[in-house]
Structures are given as structure tokens and as C-alpha cells.
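Listed below, chain by chain, are the residues.
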Amino acid sequence: MKKTEKLIEVKNLKKYFHVSKGKLLKAVDDITIDIYKGETLGLVGESGCGKSTAGRTIIQLYKATSGQVIYDGEDIQKKSSTEIKNMKKKMQMIFQDPYSSLNPRMTVLEIISEGIDNHEFHYNKKEKEDKVYELLELVGLNKRHATRYPHEFSGGQRQRIGIARALAVEPEFIIADEPIAALDVSIQAQIVNLLQELQEKKGLTFLFIAHDLSMVKYISDRIAVMYLGIIVELSDSEDLYDEPFHPYTKALLSAIPVPDPKIERIRERIILEGDVPNPMDPPSGCRFRTRCPSAMDICTESVPKWQEVSSNHFVACHLYNV
Ligand code: SF4
């Protein structure tokens, strides 16, 4: 069923960083997007395109340079620091690297309890332990794991601990920042399945960040494609795979290997030349024009408009000027 009730409205969000000699790194340069209750929105793009910064700014780990984040109808920027702290409880993050994101000197019990303590849930010791045991069961681990240290676990298990830690404060919204990128392929599907199960059980809303389009397909209701600080395409997941519009999306899709070796051998691939340009000095007009196989003169001169090309399918590209 289509989800239509907005949980988060991101409006003209910008996040710039001051770097040397007064230069600005425009990591997120004006993004507007809604995230619906109970959905998974995939946010995809190569390294350095600003997707992690966008996630961290939405969740208030970074202070926005400008723009709004409206959470359940309330403008976060207009809240006091105490109110923001309370709202942050509802928004949690799962990190890419399950090795570095868990304190090696803490037991699993201490790691998961930490979030509970930080957010002043006022559980007594027994209640807190019971809560941790319940969370461990929920993510496919068990009570015996609570007294162990992170180095005693595999990568997949550590990511499960990271997920339990995020769930400890009973959030509504979770940003999963490349949660499977550091894991073996065989483990990736297990973590994706776990996130889907948790979403169903707890009615969670996810922003799932990934650098390619291979696994996002299985978890996302909608997908936004980001390039050099801006969103270039947004649509329902199936539509994006069936009929991508933006040349960048087409290139990302063509990079996914096809399991059938016969098809894999003969299919045409779009190879993207070069790296993502420097966000301190983005190209004029369309930011993708320096790597786009379909670039035209107009692409240097003017910024493509964001437009709905088919139902709920938006793109910013001069090839689709209507
Ligand atoms: Fe390519 Fe031009 Fe479209 Fe940009 S606007 S993606 S350069 S065709």
C-alpha cells in the first residue's frame, strides 16, 4: 500500500563546510524531499555526492547552513535545544562500519544501554538489562551475547548490535548509512531482511543510504538519486529500475552485474568517465554535464528544472524539457 502521510519534510536544505582560504564545500546544495511514515526511501549516489552529509543534517548531527527539516509537522530549527534533544530520540542512525562504530572496550550490554542512559529513560538496572536482552533477541542475537565485547563477533553480528543500539531508544525514523557496504555479500541480504522485518514489527521509517543501486531495490519503496549535492531523480523504486530517466541513474543501473553470464557478456554498459567533480567548484548548468554521454550546449548554460516526467517520477535533465 502506498504511504502518503509525511513524517519528514526536507525543504531547500543546504549544508556547506568552510574549508581553507575562505572556500566553501557545498556538500548538500539545496535538496527538497518528503519522507513518508512507514516507507523506506533509498538515497543513492557515488562517494562524495553528499548523501551521508544530507542524512546527518536531516537527523541534526550537523547544523544546517539553511533550509528546513520538518518532523511530524514541527520545524526542528525552531525548537529549543531541550526540545531538539527529545526529538533526536525519535531519529537514530545505523553506521556503515560495524567495526569502528562500536566501542571496543565496552560490553554489548554497555553499548546498547548507553543510548537508554543518554536519553533518560529512567529504567532501573534490571529493567535496563531486560530491555537489552529483548533487543538482542529482536535482532537475532541472544542474552548470552550481552557480556561479550565487539571483537568477539563477526561483521554481520556487529551490525546487528549496531541496529539493537539504534532501537534501544524506540525511534520512529532510522537513517541507515551504507549499513551493508562493509559486509560480505552473503551477509548483506540477511541484514536487509532484518531491517525489513523490524520495519514491519515496529512501523519504522527508513532513509537507506547506498553508493550503488544493487541492494536498495529490495528494500526501498522510493529511490532518490543524488549527484554532487543535489537530487537528480526521484521515483517509486520499480519505476526507477524499469524506466530510469537521468543519464546518471542509467549509468548507476548499468553498473549492476546481471546474474545470467550470457546476458552479462553481451549487455551494453555505460562507463562513467572521471570522478565526481570538486563540490567547491561544481560545473555550471547541469552538474553532471562533465561526465554525461548525452550532454548538449544548453547543459553548460542553464540548470535543468526539476520536473515530474511521469506519475510520481521526477527528474532534473534537459533531455526531458516539457
Ligand atoms: Fe546530461 Fe544535459 Fe541531462 Fe545534465 S541536463 S544529465 S548534461 S543531458
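Before reading further, recall that the structure is shown in the block above.
Residues numbered from 1 in each chain as written. Predicted model: local features only at pLDDT ≥ 70, side-chain atom pairs only at ≥ 80, totals over all residues. Heavy atoms only, no water.

Colleague: I would appreciate a short explanation of the environment of Arg 287 in the present structure.
Modeller: Structurally, Arg 287 is set in the loop between helix H10 (261-266) and helix H11 (297-301). Residue Arg 287 is classed as buried on the basis of its relative accessible area, which comes to 15%. Remark: the alpha-carbon pair of Arg 287 and Ile 84, spanning 203 residues in sequence, is separated by 34 Å. With sequence-adjacent residues up to four places away left out, Arg 287 is seen in contact with Asp 29, Tyr 227, Leu 228, Ile 230, Pro 277 and Pro 282. In terms of polar contacts, Arg 287 uses its side chain to reach the side chain of Asp 29, at 2.6 Å. (Helix = DSSP H or I, 4+ residues; strand = E, 2+ residues; numbered from the N terminus. Buried < 20%, exposed > 50% of the residue type's maximum accessible area, 1.4 Å probe, protein only. Contact = heavy atoms within 4.5 Å. Polar contact = N/O pair within 3.5 Å; in protein donor to acceptor, adjacent residues only side chain to side chain.)

Colleague: For this particular structure, what's the right way to read helix H6 (residues 185-202)?
Modeller: Residue pairs spaced three or four apart in an α-helix point in one direction, given the helix's 3.6 residues per turn. With 18 residues, H6 ought to run about 26 Å at 1.5 Å a step, and its terminal C-alpha atoms sit 26 Å apart, in line with that. Within H6, burial applies to Gln 188, Ile 191, Val 192, Leu 194, Leu 195, Leu 198 and Gln 199. Within H6, the buried residues cover an arc of 160° as seen down the axis, which keeps them to one side. Facing away from the buried surface of H6 by more than 90 degrees, the exposed residues are Ser 186, Glu 200 and Lys 201. Considering only its buried residues, H6 is in contact with strand S3 (40-44), strand S6 (91-94), helix H4 (125-138), helix H5 (155-167), strand S8 (205-210) and helix H7 (216-219). With its phi angle positive at about 65°, Gly 203 sits one or two positions after the end of H6. (Expected span 1.5 Å × (residues − 1). Arc of directions from axis to C-beta.)

Colleague: Looking at this model, I keep getting lost on the site of the ligand. Mind explaining?
Modeller: In the neighbourhood of the ligand, the contacting residues comprise His 246, Pro 247, Cys 286, Phe 288, Arg 289, Cys 292, Ser 294, Ala 295, Cys 299, Cys 317, His 318 and Leu 319. When atom positions are compared with the pocket grids, the ligand is found to occupy the largest cavity. For the shell around the ligand, a count of residues per class yields 8 nonpolar, 3 polar and 1 charged. (Near = heavy atom within 4 Å. 1 Å grid on protein atoms, 1.4 Å probe; cavity = no way out; pocket = protein on both sides within 12 Å on 5 of 7 lines; lining within 4 Å. Sits in = over half its atoms within 2 Å of the grid points. Nonpolar A, V, L, I, M, F, W, Y, C, P; charged D, E, K, R; others polar.)

Colleague: Sorry if this is basic, but what is going on with the environment of Tyr 133 here?
Modeller: Within the secondary structure, Tyr 133 is located in helix H4. Between the alpha carbons of Tyr 133 and Ala 146 there is a distance of 7.3 Å; along the sequence they are 13 residues apart. Those residues within four positions of Tyr 133 in sequence are excluded, and the remaining contacts are Lys 143 and Ala 146.

Colleague: Mind showing me how you'd approach empty space enclosed by the protein here?
Modeller: A probe matching the size of a water molecule, rolled over the atoms, marks out where space remains unfilled. The final tally for this structure, using the stated rule, is 2 cavities of 30 Å³ or more. Of the voids in this model, the largest cavity is the one considered here, and its volume is about 80 Å³. Its residues assigned to classes, the lining of the largest cavity shows 10 nonpolar, 3 polar and 1 charged. If you add up the space inside the second largest cavity, you get close to 40 Å³. Every residue lining the second largest cavity is listed: Ile 31, Ile 33, Ile 35, Leu 41, Leu 43, Ile 58, Leu 207 and Ile 231. Breaking the lining of the second largest cavity down by element, the ones donating at least two residues are strand S2 (24-36) and S3. Here the lining of the second largest cavity takes 3 residues from S2, the largest share from any one element. Residue composition of the lining of the second largest cavity, by class: 8 nonpolar, no polar and no charged. (Points joined across faces, edges and corners; volume = space filled by probe spheres on them.)

Colleague: Would you explain the packing of helix H3 (residues 108-118) against H5 in this entry?
Modeller: Helix-helix packing is characterised by the crossing angle of the two axes and by the distance between the axes. Across the interface, H3 lies against H5 with an axial gap of 7 Å and an inter-helix angle of 30°. By the angle between their axes, H3 is roughly parallel relative to H5. Crossing of H3 over H5 shows right-handed handedness. Along the contact surface, H3 presents Val 108, Ile 111 and Ile 112, while H5 presents Ile 161, Ala 164 and Arg 165. Counted by class, the contact of H3 with H5 contains 5 nonpolar, no polar and 1 charged residues. (Axes fitted to C-alpha atoms, helices over the stretch in contact; angles between N-to-C directions. Parallel < 35°, antiparallel > 145°, perpendicular 65-115°, else oblique. Left-handed = near helix turned anticlockwise from the far one by under 90°.)

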